[in-house]
Amino acid sequence: MINVGLYYRVKKGHEEEFEKSFQGVVNFLKGFHGFIDAKLYKRVDDPQEYLIYSEWDSLETFKKFVSSKEYKDTTGYGKSILEGIPKHRILQEING
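Presented here is an overview of the structure given in this document. These numbers come from a predicted model, not from an experiment. Residue numbers run consecutively from 1 along every chain, following the written order of its sequence. The predicted nature of this model means local features are confined to residues of pLDDT at least 70 and side-chain atom pairs, given and counted, to a pLDDT of 80 or more, with totals for whole chains, interfaces and linings taken over all residues. Only hydrogens and water are set aside when side-chain values are computed; all heavy atoms of the structure are taken into account.

**Here we look at the pattern of salt bridges**
Oppositely charged side chains may form a pair once their charged atoms are brought near each other. Any Lys or Arg side-chain nitrogen found within 4 Å of a carboxyl oxygen on Asp or Glu counts as a salt bridge. All told, the structure shown has eight salt bridges when counted by the stated rule. Where Arg9 meets Glu49, a salt bridge forms, and the shortest distance between an N and an O atom there is 3.4 Å. One end of the pair, Arg9, is in strand β1 (residues 2–9); the other, Glu49, is in strand β3 (residues 49–56), with 40 residues separating them in the sequence. On the basis of relative accessible area, Arg9 is assigned to the partly exposed category, the value being 27%. In this structure, the salt-bridge partner of Glu19 is Lys42, at a minimum N-O distance of 3.0 Å. Of this pair, Glu19 sits in helix α1 (residues 15–29) while Lys42 sits in strand β2 (residues 35–42), and the two are 23 residues apart along the sequence. A relative accessible area of 29% places Glu19 in the partly exposed class. Only protein chains enter the accessibility calculation, which uses a 1.4 Å probe; a residue whose area is less than 20% of its type maximum is buried, one above 50% is exposed, and one in between is partly exposed. For Lys42, a relative accessible area of 40% gives the class partly exposed. Put simply, Arg9, Arg43, Asp45, Asp46, Glu49 and Glu83 are held in one network by salt bridges that share partners. Note on conventions: DSSP H or I runs of at least 4 residues are helices, E runs of at least 2 residues are strands, and numbering of each starts at the N terminus.

**What about the sheet that holds β1?**
A strand pair is defined by DSSP finding two or more bridges across the two strands. As summarised here, the arrangement of the four strands in space is β2-β3-β1-β4, forming an open sheet in which the pairing is antiparallel. Each of the sheet's edge strands pairs with one partner strand only, and the pair in question is β2 and β4 (87–92). Averaged over neighbouring strand pairs, the angle between their axes works out to 15° when direction is ignored. Pairing between β1 and β3: eight bridges, direction antiparallel. Between N-to-C directions, angles span 0 to 180 degrees; the directions come from axes that are lines fitted to C-alpha atoms, helices contributing only their stretch in contact.

As structure tokens, then:
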């Protein structure tokens, strides 16, 4: 299993729009083979910054999603409401 942290800064006034868009993406992902879960977090001291924390069964599955039309459509739309370039971190649990 891998975890992916996707960090976004949303343009002021588009926070609610971003949150609704996230829910639409999660609804799509529920049917995507290998997707486990995703949660949306808003930074407490800066409400324009968000973290999407997602869990996948493998790196290959996540890469398959990133190359999908749905992902490209979402990121294309997101450019209109985001500030700067999002940062993504792929993590693997190492608990022994």
